[in-house]
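Fold and geometry: a report
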Amino acid sequence: MVRKITKRLPVPSFLKQRKTTKKPGQAPGTLHFTGEQRLDHVLMNLYDYDAEQLSEHDLSKIEDSKPYLDSPSKTWINVCGLHDIEKLKEIWQYFELHPLIQEDILNTNQRSKIEEYPDHMFFVLRMMSFSEDTGVLNVEQVSIVLSSNSVLSFQEDDFPIYEPVLHRLRSGAPRLRNHGPDYLAYALIDTIVDHYFKVLEKLGDEIEDLENEILQESDEDIPQKIHALRRKLIFFRRSVWPMRDSLNSLLREESPLIDEENKVFFRDVYDHLVQIIDGVENYRDMALGMLDMHMSQVSNKMNEVMKVLTIIATIFIPLTFIAGIYGMNFEYMPELSVPWAYPAVWGIMIVAAVVMLFYFRKKKWL
Amino acid sequence: MVRKITKRLPVPSFLKQRKTTKKPGQAPGTLHFTGEQRLDHVLMNLYDYDAEQLSEHDLSKIEDSKPYLDSPSKTWINVCGLHDIEKLKEIWQYFELHPLIQEDILNTNQRSKIEEYPDHMFFVLRMMSFSEDTGVLNVEQVSIVLSSNSVLSFQEDDFPIYEPVLHRLRSGAPRLRNHGPDYLAYALIDTIVDHYFKVLEKLGDEIEDLENEILQESDEDIPQKIHALRRKLIFFRRSVWPMRDSLNSLLREESPLIDEENKVFFRDVYDHLVQIIDGVENYRDMALGMLDMHMSQVSNKMNEVMKVLTIIATIFIPLTFIAGIYGMNFEYMPELSVPWAYPAVWGIMIVAAVVMLFYFRKKKWL
Amino acid sequence: MVRKITKRLPVPSFLKQRKTTKKPGQAPGTLHFTGEQRLDHVLMNLYDYDAEQLSEHDLSKIEDSKPYLDSPSKTWINVCGLHDIEKLKEIWQYFELHPLIQEDILNTNQRSKIEEYPDHMFFVLRMMSFSEDTGVLNVEQVSIVLSSNSVLSFQEDDFPIYEPVLHRLRSGAPRLRNHGPDYLAYALIDTIVDHYFKVLEKLGDEIEDLENEILQESDEDIPQKIHALRRKLIFFRRSVWPMRDSLNSLLREESPLIDEENKVFFRDVYDHLVQIIDGVENYRDMALGMLDMHMSQVSNKMNEVMKVLTIIATIFIPLTFIAGIYGMNFEYMPELSVPWAYPAVWGIMIVAAVVMLFYFRKKKWL
Amino acid sequence: MVRKITKRLPVPSFLKQRKTTKKPGQAPGTLHFTGEQRLDHVLMNLYDYDAEQLSEHDLSKIEDSKPYLDSPSKTWINVCGLHDIEKLKEIWQYFELHPLIQEDILNTNQRSKIEEYPDHMFFVLRMMSFSEDTGVLNVEQVSIVLSSNSVLSFQEDDFPIYEPVLHRLRSGAPRLRNHGPDYLAYALIDTIVDHYFKVLEKLGDEIEDLENEILQESDEDIPQKIHALRRKLIFFRRSVWPMRDSLNSLLREESPLIDEENKVFFRDVYDHLVQIIDGVENYRDMALGMLDMHMSQVSNKMNEVMKVLTIIATIFIPLTFIAGIYGMNFEYMPELSVPWAYPAVWGIMIVAAVVMLFYFRKKKWL
Amino acid sequence: MVRKITKRLPVPSFLKQRKTTKKPGQAPGTLHFTGEQRLDHVLMNLYDYDAEQLSEHDLSKIEDSKPYLDSPSKTWINVCGLHDIEKLKEIWQYFELHPLIQEDILNTNQRSKIEEYPDHMFFVLRMMSFSEDTGVLNVEQVSIVLSSNSVLSFQEDDFPIYEPVLHRLRSGAPRLRNHGPDYLAYALIDTIVDHYFKVLEKLGDEIEDLENEILQESDEDIPQKIHALRRKLIFFRRSVWPMRDSLNSLLREESPLIDEENKVFFRDVYDHLVQIIDGVENYRDMALGMLDMHMSQVSNKMNEVMKVLTIIATIFIPLTFIAGIYGMNFEYMPELSVPWAYPAVWGIMIVAAVVMLFYFRKKKWL
Ligand SMILES: [Mg+2]
Ligand SMILES: [Mg+2]
Ligand SMILES: [Mg+2]
Ligand SMILES: [Mg+2]
Ligand SMILES: [Mg+2]
Ligand SMILES: [Mg+2]
Ligand SMILES: [Mg+2]
Ligand SMILES: [Mg+2]
Ligand SMILES: [Mg+2]
Ligand SMILES: [Mg+2]
Ligand SMILES: [Mg+2]
Ligand SMILES: [Mg+2]
Ligand SMILES: [Mg+2]
Ligand SMILES: [Mg+2]
Ligand SMILES: [Mg+2]
Ligand SMILES: [Mg+2]
Ligand SMILES: [Mg+2]
Ligand SMILES: [Mg+2]
Ligand SMILES: [Mg+2]
Ligand SMILES: [Mg+2]
Ligand SMILES: [Mg+2]
Ligand SMILES: [Mg+2]
Ligand SMILES: [Mg+2]
Ligand SMILES: [Mg+2]
Ligand SMILES: [Mg+2]
Ligand SMILES: [Mg+2]
Ligand SMILES: [Mg+2]
Ligand SMILES: [Mg+2]
Ligand SMILES: [Mg+2]
Ligand SMILES: [Mg+2]
Ligand SMILES: [Mg+2]
């Protein structure tokens, strides 16, 4: 009969805070992976390309990449799986990555950011993508290290995030093959940001559904659903927002690793992020407005319940009083023996009820 | 009898999010039109003018514009219809537009913005205009590409947005005919921004109507109407706000495409946008205030209902109790046989009722 | 008996949005007066002064000002009435005002601002002043054009705003007579800003009255009054705020029209505006706090009403039940014939009532 | 019996807005004292000091300060009382203070600020101090004029604000005696800011008391008390905030009057102000939180009242109905003559009551 | 039976404001310890190290540190205990610390900050750490003074905060031993910031617990618990926030005491702080959302209570009225003698009840 919020909506796993396992006070570069193992082995795929050719290799040892890195062609190495720290250490030492970069690649609670180091540009992003089959949201942290001649990318599992870029590489897309590794880094980041639009659309659908539910006054856990939606929006906004600020800095500063001419592409990614954040803000405002609307519906219903109670009570309580009067057992009650008294009492009662109904109508309660 | 929010107010089509059809990871410049087709054919109108002359031409092929573009007179080409990507591609390639410009012209979810490219200045705006006949709000995305000697403008359908500018061109308005294409770009943008004032006025009327409805306590879906109004205000504000920031940057930076002397006109557009945003913010504050006022009216009504119930119940319940006492069937109830007992009970009841009425009056419930 | 918000408080005319009559797309400098005609004729008063002398003249043609403008003495021309566009055009063309200045003088919806043009500094302000007789708030837009040798001021009617400045000019105030026209412009603006303090005081009185009304729980349309007050505060704040920002820019930038030494006076006006805005913000916070206080009073009253109802019902409903029991007509009810049954029932009832009264006292409902 | 907010809490005098007596449009430097006279005579105390000596003098004429000002030793003149404008004018003209400084010294509604003039640095602060005897908060405006060789300070009455500084001067504190007048100005300002900490602590105590009252559900005018507290917090914050911004500017800019080496001390004052504002913000947040907590307690109580009413009514109304049935006087009611009918009805009633009690327990209403 | 908030949750001691004992107006460097004594004696531990060696010494006199400070190896002195001002003064005078540094070390109400002085860089932080045994949160103020060749650190008691750094020193960690004292200062600060993550996780657990409690509608003092949580979040945020701003300034400015190359490590600390603040903001938003959810649950319950009352009253009050009618004692009531009247009345009553039950079902009250 009554509405209750008893069953908790399942919290999506990406909303659960990952625990830090690092102990306070350890040296920078002390390595702890904060996620869960998603792959059996660390996978390393190398792509070596320039305008003329593309060669692909599965690496088993990082040292095998030497000929490609030494050649003038550009090299992209994509590493899947972050649980095997020893293996990763070999890669990092080979590329002489700063210990702070190493630490951040493993700490998958990272805020999105872009950091410049002497020989590297380091990007961290949160990849969010719906699996086309299951509709489940896949969230993982992605790192990209841009050097003067190569791109090194890390991801938690082997989700084919970069498939479309690979496809363009293979089909010989001229811009991608001709430009430097900075353009490749842009292409990777752009792919990730494009996925955000899909997530935003899904959130938009969810908001629309919820709005419909509220309007149909289906009492199914509305406040809880709004709360859950707001948590998702906050999570999404926090994933996207810092990337925007980082890109803004990147656009304003000069770096030897990023060609001035290619900045227009990074500006486009920035522009997309602004658009996405704009959309999230919009949804946040709508979520707040929906809560207001729901609360005022609850008030309205309470008002309605109160009116029914008041109308019934106001009409019948006085009438019952009159009936009570003539139910008294006094010996000397002259009205009792008047023959037309009973119909007269009925008359009085009907008049009283009609008067009160008019009063309620005047008050617009009916 | 009771207020309910059952029928959903129709959501205007411009508030519906347009779906992105672009797949994540595609190359920049991969072209997808995100709107709906509004015209049969792409229309191209060319206007070639200088202080002395104006000539107008309907182009069927973009190559036909060559003589006008090569001549020292200024050239404006207005393109209507964005669905025929092949046709548009020809135009863009002829003008050597950057692939990112091409992408943005087609993506009609764009935030308003001004972007500088090596040889072009690119403007995207959202045009909003009430049809004079039907009163329906027409929303479409408009793009303007300013070159050193020409202006290229794109719109989704053939709504005669720029009619007034054309009229001034034809009637030989000296400033427009004498100044460079940057002044023409200003004139086009100014026309669009002037329409915003009309939209703002309409929103102001809507707010006033809603305020009156609230004051007359007509219970017709107030929270839903406020919610709908807030959505419109958010949409309008999001359409206008980014243009203000872009213009601000334009005013502060130097560009070879914009004459310093003409910046005073762009400053005027900026000023108009500030005024419009000021108005929207004002309406947002008023919308919030109206919700507060409505909620407190609902509270007041509940209070009123409660008072009626309380007064009736408080007066009659004790009287009914007294009547109940003398309705008991005990054999030994000495009062029952006292001749003046019945009128005495009436007296007691009347006194009790009067006392309670005084109490309510003292409490200001009556 | 019950509180209702039926009569709408009159909205002061200055809160009503003035309609734009300008059509979208017209050329800058297309002139439309957006206010209402307040004077029969345009009035032009010329004051020519330097340290030694002051001469005053009513002009009928603007050309008559030539000798004064050509002489080294400073010249101030005050123009009252904005409805006669032809007349105004003559003035503006004589002074070669930029078309955007002309447009802004007539558009009396203007936000306050300061704009620099090649030969002029242009100020727009909103004058607000209480008529000393009627107490009515007079709101009009005022424009000031500062040139190297003269000040040109425009107002909507002939309200003697600048009387005190005139008085100082006539009485030979040395600073005013010695300094350049920039100091005169300062004096005019300062006069307008001084009036804001009076308006702020009046708003402060209104807030205090409203606070008293709330504390005395006089239910006279409190939410509506708070809403009206908030609208006034928003209007006032929006009139003052942009002037502060404009003055801030003026102080930071160099202009040939404003003597560095006189900037200390403009800084003082800036300081006054900051103080006024501070006061308005304070009142806005207080208005929000008053709404909170009122809402919690309404809650408290509802609570009180509920308690009365609950006490009465809780005491009498059980007693009435007992009376009902012994009003039943069963043949075999042994209690009915016990002689002390009737007083015993009375005793039980009194005990029950006393117990419940103690319970309510313990709950602090009594 | 019921809670009411009838008696208004007394508003402390410092919260009352002081009226401006200055008329709009008067020349800068037109002098009006906006406070109330607190002293009979203007008092002038002169302190002349350097590393070796300190001499103290009560001045009757400002000209008597000439020898001390001309000597290389530093001079501090403290002026108490602002009501005797003629006397003050003599002082100001002797020191050639700018008319805008004169105006601000008298206008005791001033926002705190620091202003640089050609030969002076001008400080205005709001002094707030609890009288040690009475616990009353003393609020007055304090002005300090720093010159290259002297400090001139003004206060509204003779409250011994600067006693501790004087004490340090007399006891030969080396830093104070060796450094220039800028260090003395710092010492005076620091003293005033130190008092703010005491005020902040007192406000903290008040908040703690109020929090306890709310938790003990003592219904004594909670919303009114929270409102009063918020007003005090706003007043305090507005007194302190502008000083922070002014000091921040002072620290960033160079001035011939303030030794770079002494800026570290002004930075310390700045730091104290930041800490104080931090505390006030904290209290503002807590005050908001307390209102939320109080409102939810009121809701809870209403809920509790409703439950009592509902339990009583739900149990007894059906029982009374049953009793009513058998109180009817129909001739043919077979139950009435069944001997065990009366106890059976009792049984039914008891069962019904027990069932309902179980239902309430299941709903956790009991 | 009813929910009440009577017992106050204990306020953790670190939330209690520490009283300032300093009197207003005292000279800078007048020393007062605002905390409570936590140790018997001041402890001084000296660590002298370079790439080759590490020597550790317990100092009884600060002068004993001379040989280590004069040698080229780096020196770290950690001082535990702040109650013995005489002892501390000796240390400070030996290091020629600025009086404002001295004051800040003792004033344990300090906001976190980084201040540059001529020969020192001064850091103040709030250390927060859970005791591993008791789970109690230990809060104390920590100061670090960085000189060109040494680090001087102060803490309130002998909590082994820096144990992990010491461990790394002893085990010969190359970066720590090779870099200058600025790297040691970084390591100390980093250790403190690492603890913040643990505190943040604990707060996250608390929020999750509270969210569960709200969803299970366990009425145990929810508003009070949310209030307590918000206070903790505010305290935590205020402890962390200012450090972020200070580090940001440090990163942007050049200082002879901090090697440009080491700034990347300070940037990492900055990054951690940003992440922590992000988390706190997230929790603040969730705490607000939880309050909304709780309030709407309370509304829902009230609604439910009202419905039960209304259903019972609406069904039985009219029926009781009918029974009352036939309980009247009029002599002429023809229905009373009709044999089927009694069952007919029962029929009418049952029909009325069924109709009303249908009505409630239609309204979705059942
Ligand atoms: Mg926002
Ligand atoms: Mg927002
Ligand atoms: Mg928002
Ligand atoms: Mg927003
Ligand atoms: Mg907002
Ligand atoms: Mg908001
Ligand atoms: Mg809010
Ligand atoms: Mg806003
Ligand atoms: Mg707003
Ligand atoms: Mg605003
Ligand atoms: Mg606003
Ligand atoms: Mg606001
Ligand atoms: Mg709000
Ligand atoms: Mg505000
Ligand atoms: Mg504010
Ligand atoms: Mg505010
Ligand atoms: Mg605020
Ligand atoms: Mg505010
Ligand atoms: Mg608020
Ligand atoms: Mg705040
Ligand atoms: Mg705050
Ligand atoms: Mg804050
Ligand atoms: Mg906040
Ligand atoms: Mg805050
Ligand atoms: Mg808030
Ligand atoms: Mg926030
Ligand atoms: Mg927040
Ligand atoms: Mg946030
Ligand atoms: Mg927030
Ligand atoms: Mg926010
Ligand atoms: Mg709020």
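Criteria and thresholds
Residues numbered from 1 in each chain as written. Chains lettered and ligands numbered in written order. Predicted model: local features only at pLDDT ≥ 70, side-chain atom pairs only at ≥ 80, totals over all residues. Heavy atoms only, no water. Helix = DSSP H or I, 4+ residues; strand = E, 2+ residues; numbered from the N terminus. Rg over C-alpha atoms; globule rule 2.2 N^0.38 Å. Contact = heavy atoms within 4.5 Å. Least-squares fit on C-alpha atoms with pLDDT ≥ 70 in both. Pairing = 2+ DSSP bridges. Axes fitted to C-alpha atoms, helices over the stretch in contact; angles between N-to-C directions. Salt bridge = Lys/Arg side-chain N within 4 Å of Asp/Glu carboxyl O. Polar contact = N/O pair within 3.5 Å; in protein donor to acceptor, adjacent residues only side chain to side chain. Nonpolar A, V, L, I, M, F, W, Y, C, P; charged D, E, K, R; others polar. Core = buried A, V, L, I, M, F, W, Y, C linked by side-chain atoms within 4.5 Å. Buried < 20%, exposed > 50% of the residue type's maximum accessible area, 1.4 Å probe, protein only. Patch = residues over 30% accessible without salt bridge, like charges linked within 9 Å, V, L, I, M, F, W, Y side chains within 5 Å. Areas by Shrake-Rupley, 256 points an atom, 1.4 Å probe, with all protein chains shown as cover. Lys, Arg positive; Asp, Glu negative; His and termini not counted. Charge placed at Lys NZ, Arg CZ, Asp CG, Glu CD. UniProt positions renumbered as here; feature names shortened; annotations may be inferred. Buried area = accessible area lost by both parts, 1.4 Å probe. Parallel < 35°, antiparallel > 145°, perpendicular 65-115°, else oblique. Left-handed = near helix turned anticlockwise from the far one by under 90°.

What follows is about the overall build of chain A. Check the secondary structure of chain A and you find 9 helices and 7 strands. For 366 residues, the compact-globule formula gives about 21 Å, and the C-alpha radius of gyration of chain A, at 34 Å, lies well above that figure. Dimensions of chain A, computed from the C-alpha atoms along their principal axes, are close to 120 × 40 × 35 Å. Within chain A, residue pairs in contact and separated by at least 24 positions form 67% of the contacts whose partners lie at least 6 positions apart.

Turning chain E through 72 degrees and shifting it by 0.0 Å along the axis lays it on chain D, with an RMSD of 0.1 Å. The transformation relating the two chain copies, once decomposed into turn and shift, fits a five-fold axis. Minimal C-alpha separation from the rotation axis in chain E is found for E:Gly327, amounting to 4.6 Å.

Right, let's get into the sheet that holds strand 6 (residues 137-146) of chain A. Residues and elements named next belong to chain A. Taken together, the 7 strands give an open sheet; going across it, the order is 2-1-3-7-6-5-4, and neighbouring strands pair in mixed fashion. Edge positions in the sheet fall to strand 2 (54-59) and strand 4 (113-116), since each of these pairs with one other strand and no more. Neighbour-to-neighbour, the strand axes of the sheet open up by a mean angle of 20 degrees, direction not taken into account. In the sheet, strand 5 (residues 121-130) pairs with strand 6 via 10 bridges, with the strands oriented antiparallel. Looking at the pairing, Val124 lines up with Ser143 of strand 6. Here helix 6 (residues 181-215) sits on the sheet in contact with strand 1 (43-49), strand 3 (74-80), strand 5, strand 6 and strand 7 (150-155), set at roughly 35 degrees to strand 5.

This paragraph deals with the interface of chain C and chain B. Opposite the 69 residues of chain C that make contact, chain B presents 70 residues. Two residues, B:Arg267 and C:Glu115, come together in a salt bridge whose shortest N-O distance is 3.8 Å. The interface formed by chain C and chain B holds 16 residue pairs in polar contact (both at pLDDT 80 or more) in total. Secondary structure elements with two or more residues in the side of chain C that touches chain B: helix 3 (99-106), strand 4 (113-116), helix 7 (222-252), helix 8 (263-325) and helix 9 (341-362) of chain C. With 18 residues, the top contributor of residues to the side of chain C that touches chain B is helix 8 of chain C. Taken together, the residues that form the side of chain C that touches chain B break down as 35 nonpolar, 15 polar and 19 charged.

With an RMSD of 0.1 Å, the operation that places chain C on chain B is a rotation of 72 degrees combined with a shift of 0.0 Å along the axis. Little of the interface of chain C is mirrored in chain B: 16% of its interface residues are interface residues there too.

For soluble globular proteins, nonpolar side chains are generally found buried alongside one another. Of all hydrophobic cores here, the largest spans 143 residues; its most connected members are A:Tyr326, D:Tyr326 and E:Tyr326. Beyond its immediate stretch of four places on either side in the chain, A:Tyr326 contacts A:Met333, A:Glu335, A:Leu336, A:Val345, B:Tyr342, E:Gly327, E:Met328, E:Asn329 and E:Phe330. Listed in part, the 95 residues of the second largest apolar core include E:Ile144, E:Ala187, E:Ile189 and E:Phe266.

Residues A:Glu63, A:Asp64, A:Glu86 and A:Glu90 make up a contiguous surface patch of negative charge. With respect to the helices and strands, A:Glu90 occurs in helix 2 (residues 85-95).

What follows covers the pattern of salt bridges. Taken as a whole and assessed by the stated rule, the structure comprises 95 salt bridges over all chains. One network of salt bridges, in which partners are shared, links A:Asp104, A:Lys113, A:Glu115, E:Arg267 and E:Asp271.

Before going further, it helps to spend a moment on the UniProt feature "transmembrane region" (unreviewed entry) in chain A. Here the UniProt-annotated "transmembrane region" (unreviewed entry) positions come out as residues 308-328 and 340-360 of chain A. Between the C-alpha atoms that bound residues 308-328 of chain A the distance is 30 Å, and the span itself is 86% helix and 0% strand.

What follows deals with the interface of chain E and chain D. Across the boundary between the two partners, chain E contributes 69 residues, which contact 70 residues of chain D. Surface buried jointly by chain E and chain D totals about 6300 Å² across both partners, of which 60% is contributed by carbon and sulfur atoms. Counting every contact that joins chain E to chain D gives 7 salt bridges. A salt bridge links E:Glu304 to D:Lys363, with the shortest nitrogen-to-oxygen separation between them at 3.0 Å. In this assembly, chain E and chain D are joined by 17 residue pairs in polar contact (both at pLDDT 80 or more). Among the elements of the structure, helix 3 (99-106), strand 4 (113-116), helix 7 (222-252), helix 8 (263-325) and helix 9 (341-362) of chain E are those that each provide at least two residues to the side of chain E that touches chain D.

On to the pairing of strand 5 (residues 121-130) of chain D. Residues and elements named next belong to chain D. Taken across its 10 residues, strand 5 has 9 buried, putting it largely inside the fold. Summarising the sheet, strand 4 (residues 113-116) and strand 5 pair through 4 bridges and their orientation is antiparallel. Within strand 5, the position partnered with Lys113 by the bridge is Val124. Where strand 4 hands over to strand 5, the hairpin turn is made up of 4 residues, counted between the paired strands. Counting the residues in the hairpin turn of strand 5 and strand 6 (residues 137-146) gives 6 residues, including Gly135, whose phi is positive at 75 degrees.

Residues and elements named next belong to chain C. Close contact between helix 6 (residues 181-215) and helix 7 brings their axes to 11 Å; oriented N to C, the two are set at 160 degrees. The pairing of helix 6 with helix 7 is recorded here as roughly antiparallel in orientation. Read as a crossing pair, helix 6 and helix 7 show a hand that is left-handed. Contact residues: Tyr196, Val199, Leu200, Leu203, Glu206, Ile207, Leu210, Glu213 and Ile214 in helix 6; Ile222, Lys225, Ile226, Leu229, Lys232, Leu233, Phe236 and Val240 in helix 7. When grouped by side-chain class, the residues that make up the contact of helix 6 with helix 7 number 13 nonpolar, no polar and 4 charged.

Residues and elements named next belong to chain E. One open sheet accounts for 7 strands, arranged 2-1-3-7-6-5-4; its pairing is mixed. The sheet is open, and its two borders are formed by strand 2 (54-59) and strand 4, each paired with just one other strand. Strand-to-strand twist across the sheet, computed as the mean angle between neighbouring axes with direction ignored, equals 20 degrees. In this structure, strand 1 (residues 43-49) lies alongside strand 3 (residues 74-80), joined through 7 bridges in antiparallel fashion. Within strand 3, the residue paired with Leu43 across the bridge is Cys80.

All names here are of chain A. Of note, the phi angle at Glu96 is positive, near 55 degrees, even though the residue is not glycine. For Glu96, the position within the fold is in the loop between helix 2 and helix 3 (99-106). Residue classification places Glu96 among the exposed positions, given a relative accessible area of 67%.

Together, E:Trp346, E:Ile350, E:Val354 and E:Phe358 make up a nonpolar patch on the protein surface, roughly 390 Å² of accessible area in all. Inspection of the secondary structure assignment puts E:Ile350 in helix 9.

Buried residues dominate helix 3 of chain A, accounting for 8 of its 8 residues. By the burial criterion, the buried members of helix 3 of chain A are A:Pro99, A:Leu100, A:Ile101, A:Gln102, A:Glu103, A:Asp104, A:Ile105 and A:Leu106.

Turning next to the environment of D:Phe316. With respect to the helices and strands, D:Phe316 occurs in helix 8 (residues 263-325). In this structure, the C-alpha to C-alpha distance between D:Phe316 and D:Ala353, residues 37 residues apart in sequence, is 8.1 Å.

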